[in-house]
Amino acid sequence: MNVITPAENKWIGTRTVRPDGADKVTGRAAYAADTTMPGMIWGKVLRSPHAHAVIKSIDTSKAEALPGVKAMVTAKDIVDFPTDKSVMLGIQDMRWMCRNVMAREKALFHGHPIAAVAATTEEIAAEACRLIDVQYEVLPHAIEIEDAIKPDAPILHPFLQHEGKPSNIAGTMVAKLGDIEQGFAEAEVVIERTFRTRPVHQGYIEPHACTVSYAADGRATIWSSSQGQFMVRAMTSLLTGVPQSNIRAIPAEIGGGFGAKTIIYLEPLALLLSKKSGRPVKMVMSRDEVMRATGPTSGSLSTVKIGAKKDGTIVAAQGTFYLQAGCLPGSPIRGPVGCSFAPYAIPHVLSVGYDVVCNRSKVAAYRAPGAPIGAYATECVLDELAEKLGIDPLELRHRNSAKTGMKAAYGATFNQVTFEETIEAIQNHEHYKTPLEKNPRPGIKRGRGVASGFWYNAGGESSAQVNLTEDGNVVVITGHPDVGGSRASIANVTAELLGVEHDRVSVIIGDTASIGFSNLTGGSRVTFASAMVVTQSVEKVIGQLKERAAKIWKIDPEAVIYENGACRPAGPNAGQFPPLALKDLAAKANETGGPIGAGVQLNTQGADPGFATHVVDVEVDVDLGIVRVLRYTAAQDVGRALHPSYVEGQIQGGVVQGIGWALSEEYLYDKQGRLDNANFLDYRMPVCSDVPMIEAVVLEIPNPRHPQGVKGVGEAPIVPPLAAIANAVHDALGRRFYSLPMSPPKVTEVMDLPLAAE
Amino acid sequence: MTEIRYLAPGTLEDAVGAFAAAQAAAAGSARILAGGTDLLVQMRAGVVRPGTIIDIKKIEEMTAITEQPDGGFVIGAAVSGATLHDHPRFGQVWPGVLEAINLIGSKQVQGRASPGGNLCNASPAGDSVPAMIAAGAVVTIQGPNGRRTLPVEKVPAGPGRTTLQPGEILVSFTLPPRPKGSSDAYLRMIPRTEMDIAVVGCGVSLTLAGGTVTAARVGLGAVAPVPLLVEDAAKALIGSKLEESALEAAAAACRAACNPINDKRGTIAYRTKVAGVLLKRVTAVAAERAGRS
Amino acid sequence: MARIHVTTTINGEPMEFLCEPQQSLLDALRNNLGLTGTKEGCGTGDCGACSITFDGRLTCSCLVLAVEAEGHEIGTIEGMAQGETLHPLQRKFLEMAALQCGICTPGVLIAARALLEKNPDPTETEVRFGLAGNLCRCTGYDKIVRAVMETAAEMRETAS
């Protein structure tokens, strides 16, 4: 594949205004909750007040008698997928999804849906929920990993077995290379530490919402925000029994997802309510519901052991990762198991993950799912190892970097490893070279930390259609919800390849009826995959343009070239005819053979993994235990930045989510197993004044298997920050922290402990 | 579903009459609406479901800021933080009270939230209350039996409860005139830089003469069921030149006054420790301001 | 239920609507008046997505009762551009990619405008604290802060 070099570009790599921009700064853009329909009514969900309880009975009679109530849905209306047979949709098992959208045998967490009501106003729907009489038999609950895996733990699901016994360990995953025992036998220095992280929420500002209209002919239209309208269609179909062909899912603008909108919560309920009531139904979650009942990512308990030679050669690495799945199986153990040691050339690796169910909301994907958890443990142990060996922590990483052609423990053989380049970018950066004043004022200490990270990246199914309008403009349709500027990148690619001005390109996200199947916006795949299908579609359009010009000129299409937005005769005919611009050919489309346009549908291949290395300076108010980030620099190989601003934006946003995870965000439960901080006041995401500018060092080492050289960007940035910040706090205070978040009470508690003799 | 009435009387008498009548009809069913930044959140959460909402922002006395001839200030209970911030004189005289009020919520919340609401919401962690206590503020209350005044620290009765009698409305805060060499300050500990509830809040008001503290008051928030006036801390400061020993004694008094809980926002040990740390820091700020004025 | 008639001014235009006594202004703007540019992120005044101006003062519309709008002037994102002419902040946000998903953007713009009206030459720290009531989960705030400061510089130049 020919990779276009930056020097040849007019649009690729420039900071154009995004196609959807004007709508978003003027309030016109329609997000999920912005849709209304004539005759629309409102749906609300009744949620479990208990962490774990048998649902003995549900009496809806009083609620149904309330004037204004139009429909009611309980678990018996949802398609049941028996627990003994797996039915997969992508990585989601419908056995679990059907029990997640509505509690079936038991309520499994505080906030688990029990019933849904549709009524003429939101207030009536809420009042109806209060009138539903549910009889529970409250059961003992398990919130934390230790509580869920101890011998006498309350068992959430009798059908889950581990080592032949009912267990809350729902599954395991292993990645290995070499012989781990031999590896540690060869090691001269071994460090083993145990780490804990808390569940953190993706924290998108837009609550889940949808409007669903089910018509008398059995056809349903869904307006909702998600990370994949095709996922919405398929999952809603499976959960409601309405065939996919009868569902049209229209993607609204999405107000943030970060992985959590790769599954659905409301759409099947709204569809069934609409079907029963004969009215369009709108459902909007409150923030409280979002926090209580949509997936955060897992809390974790990890042990990492690394062995090295005295010269810094790492010879063995072992990781054991317990991740909370929430109430139903499916934690992202693949993240820490596969990613933790992947950037390093380690001959002996054993990485084991355990998927642990507990009485929390079912986890959902969150940016590089699970990988930050593994990197936190691994990169902190590497920092300790570097300290013990007297080697610069970046130098230690550099010496042990994986190489192109190596096989990773998780199974893949790397086509291209660009980890060393990210380390060198930080080593050579002014930030890293400038010494830090470690004791600037009494009571204030500063420290610097580094860490690296890895993410798989992904290809997968994508579709695109590129059409020319009669007046010579270009309309591109793709099938991916745009979470962070992918339309801007696609506009740049299209304008570049067609040689037209950027403002003549419109980029639209099609609904499930207007564009071919496209997999989720997730896995850092959208820009990679959609640029690929758009490129191939444009190549077809160019082929058509050449044919039309050839027809007009009455020459062989092979003798036409397309450059700078126009067809020109080439070879023996060069200079014989004046060029025919795209606009001229579009105007003559009908007389030369009909409309001009082409689409491509592919299962895209060739995604290369992402590598990132970060450096951070922190300042600690020692008496209060407050940690602030002073300076942050993040280097990452992105392959090719189609739109540099949105590439930087991915890195900056990912880093700040990592800062929140490291310092202030956590799910807090009370003794009854109820979530105690289901709001933005006490679930502390970083605010604007909490963070500094985040410098993104964008390395462009083209992916040779992509037409523009693109690699996935969005996920790797959240992998290193947890460890980088923990390492910086150690540098400041001389203490290691083995659990997150490093909140003020925890910092002062550790500072008040006597220094352990090491 | 219950019918809700919204009233916006133009006079205090009408407000008191309506409030008393509504409370007589059903205890606790009427709520006063000032900035609404707590009330609307509680209504939305279903924590309170008032039958009558009485908006007091059309009552002039409750939205006025008056500098009195003796140099004191009277602040209407419903004055917003942003309005107080824009007052040309108030922040010069009472910088600590102003910074405490201006720490309630975001800039958006400042556009509405009032010191009266902050006091009557009766959270142990309300930011303005320790500063008002340190300032020696006196509140004016009007009820069915007329007017009365009360030191601000006598208003909170416990989390979410005040000593106001049925039908009584908090009208205004009166802050005393400032002798030369006086100033005040407020600091709170929050995990983030903004948008948090105080884990501990501390207000200090000082008068200095020749470097010696001649008068002091210390208010402490979020360390007990109600914000505290810490007289022992003030005693430790008065007569000192703010030497380390005096500061440590005052800090110890603050720690001793703490009777906090473990909750999602902080632990007992952490809150107690921080109370002492903040006392020293706030005192330093107040002293520097007093020295400058 | 007895609905209340409210006469108010929104983005300079006289408006009337009927609302429930307990309805928030945010809800009335979105559901009664169709002004959906103002977003709900939390409903508790903690995210700033519903920022509006009330008699020129920045506030969260989720913390105001709709009935309180009677006789007052409300400013929303829909009134920020003048016809086809974007406000300098809106233009700069587009040029500098100061938005990703865009759900917080209307609130951020309203808050940033209020900030610059009070302080035409803010420091980075002043911008950061001025926007601390507006949560953004996508951008890490970097490009937002830069865009506000750039706009301020540009507006000072235009004014002088």
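Thresholds applied
- Residues numbered from 1 in each chain as written.
- Chains lettered and ligands numbered in written order.
- Predicted model: local features only at pLDDT ≥ 70, side-chain atom pairs only at ≥ 80, totals over all residues.
- Helix = DSSP H or I, 4+ residues; strand = E, 2+ residues; numbered from the N terminus.
- Rg over C-alpha atoms; globule rule 2.2 N^0.38 Å.
- Buried ≥ 20, exposed ≤ 12 C-beta atoms within 10 Å, placed from the backbone.
- Domains from an automatic or database assignment.
- Contact = placed C-beta atoms within 7 Å.
- Nonpolar A, V, L, I, M, F, W, Y, C, P; charged D, E, K, R; others polar.
- Arc of directions from axis to C-beta.
- Core = buried A, V, L, I, M, F, W, Y, C linked by C-beta atoms within 7 Å.
- Axes fitted to C-alpha atoms, helices over the stretch in contact; angles between N-to-C directions.
- Parallel < 35°, antiparallel > 145°, perpendicular 65-115°, else oblique.
- Left-handed = near helix turned anticlockwise from the far one by under 90°.
- Pairing = 2+ DSSP bridges.

## Section: the overall build of chain B
Scanning chain B for helices and strands turns up 11 helices and 14 strands. For chain B, the C-alpha radius of gyration of 19 Å lies close to 19 Å, the compact-globule estimate for 293 residues. The principal-axis extents of the C-alpha atoms in chain B amount to approximately 60 × 45 × 35 Å. Scored against the burial criterion, the 293 residues of chain B give a buried share of 57%.

## Topic: the overall build of chain A
On a plain count of helices and strands, chain A comes out with 20 helices and 30 strands. Relative to its length of 758 residues, chain A is compact, with a C-alpha radius of gyration of 27 Å against a globular reference of 27 Å. Each of the three principal axes of chain A carries a C-alpha extent, and together these read 85 × 75 × 50 Å. A burial count over chain A gives 62% of its 758 residues as buried.

## Some words on the domain arrangement of chain B
Residue and element names in this part refer to chain B. Splitting chain B by domain gives domain 1 (5–55), domain 2 (64–175) and domain 3 (182–292). Facing the 24 residues of domain 2 at the interface are 27 residues of domain 3. When residues of the side of domain 2 that touches domain 3 are assigned to their parent elements, the largest contribution, 6 residues, is made by helix H8 (residues 128–135). A per-class count over the side of domain 2 that touches domain 3 returns 16 nonpolar, 5 polar and 3 charged.

## Some words on helix H4 (residues 122–131) of chain A
Residue and element names in this part refer to chain A. Of the positions making up H4, those classed as buried are Ile124, Ala125 and Ala128. Along the axis of H4, the buried positions cluster into a sector of 100°, meaning they face one direction only. Residues of H4 that are buried make contact with strand S1 (41–47), helix H2 (61–65), strand S3 (69–74) and strand S7 (113–119).

## Quick notes on the interface of chain A and chain C
On the chain C side, the residues contacting the 43 residues of chain A number 42 residues. Secondary structure elements with two or more residues in the side of chain A that touches chain C: helix H1 (21–26) and helix H18 (644–663) of chain A. Here the side of chain A that touches chain C is composed, by residue class, of 21 nonpolar, 15 polar and 7 charged.

## Thoughts on the nonpolar core
Residue and element names in this part refer to chain A. Membership of the largest hydrophobic core comes to 401 residues, with the highest contact counts inside it found for Ile725 and Val729. Sorting elements by how many residues they give to this core places helix H16 (residues 526–553) first, with 13 residues. Not counting the four nearest positions on each side in its chain, Val729 is found in contact with Gly447, Val618, Val620, Val627, Phe737 and Met742.

## A word on helix H8 (residues 267–277) of chain A
For an α-helix the count is 3.6 residues per turn, leaving residues at separations of three or four pointing the same way. All names here are of chain A. Buried residues dominate H8, accounting for 10 of its 11 residues. Within H8, the full set of buried residues consists of Glu267, Pro268, Leu269, Ala270, Leu271, Leu272, Leu273, Ser274, Lys275 and Ser277. Of the residues trailing H8, Gly278 is marked for its positive phi of about 70°.

## Describing unusual backbone geometry
All names here are of chain A. Across the junction of Leu740 and Pro741, the peptide omega takes the value -5°, indicating a cis bond. Here Pro741 lies in the loop between helix H19 (721–733) and helix H20 (744–752). At Ser524, a residue that is not glycine, the phi angle is positive and equals roughly 60°. If you trace the backbone, Ser524 turns up in the loop between strand S23 (505–509) and H16. Exposure remark for Ser524: the 26 C-beta atoms within 10 Å place this residue in the buried category.

## Points about the packing of helix H2 (residues 88–95) of chain C against helix H3 (residues 105–118) of chain C
All names here are of chain C. With their axes 10 Å apart at the nearest point, H2 and H3 run at an angle of 130° to one another. As summarised for this structure, H2 and H3 are arranged oblique, according to the angle between their axes. Considering the relative orientation of H2 and H3, their crossing is right-handed. Of the residues in H3, those in contact with Leu89, Gln90 and Phe93 of H2 are Thr105, Leu109, Ala112 and Arg113. Here the residues of the contact of H2 with H3 sort into 4 nonpolar, 2 polar and 1 charged.

## Concerning the sheet that holds strand S3 (residues 52–55) of chain B
Residues and elements named next belong to chain B. If you trace the 3 strands from one edge of the open sheet to the other, you get S1-S3-S2, paired in parallel fashion. Each edge of the sheet is formed by a strand with only one pairing partner; in this case those strands are strand S1 (5–7) and strand S2 (30–33). Adjacent strand axes in the sheet meet at a mean angle of 20° when their direction is disregarded. Sheet topology note: the S2/S3 ladder contains 4 bridges and is parallel. Its bridge partner being in S3, Ala30 is matched across the sheet by Thr52.

## Section: the interface of chain C and chain B
If you look at the interface, chain C gives 26 residues, while chain B gives 23 residues. Where the side of chain C that touches chain B is concerned, the elements lending two or more residues are strand S3 (51–54), strand S4 (57–60) and helix H4 (124–130) of chain C. Considering each element in turn, the side of chain C that touches chain B owes the most residues, 4 residues, to S4 of chain C. Of the residues in the side of chain C that touches chain B, the class split is 13 nonpolar, 10 polar and 3 charged.

## Observations regarding the pairing of strand S25 (residues 566–569) of chain A
All names here are of chain A. The pairing of strand S24 (residues 560–563) with S25 spans 4 bridges and is classified as antiparallel. The residue bridging Val560 from the neighbouring strand is Pro569, located in S25. Hairpin geometry of S24 and S25 is characterised by an intervening segment of 2 residues between the two adjacent antiparallel strands and by a positive phi of about 50° at Asn564. Judged from the 2 bridges that link them, S25 and strand S26 (residues 580–581) form a sheet pairing that is antiparallel. Residue pairing across strands places Cys567 opposite Leu580, the latter belonging to S26.

## A word on the environment of Ala371 of chain A
Residue and element names in this part refer to chain A. Considering the arrangement of structural elements, one finds Ala371 in helix H11 (residues 371–389). The spacing of Ala371 and Val337 is 34 residues in sequence and 8.1 Å in space, taken between C-alpha atoms. With sequence-adjacent residues up to four places away left out, Ala371 is seen in contact with Gly335, Pro336, Cys339, Gly453, Phe454, Trp455 and Val719.

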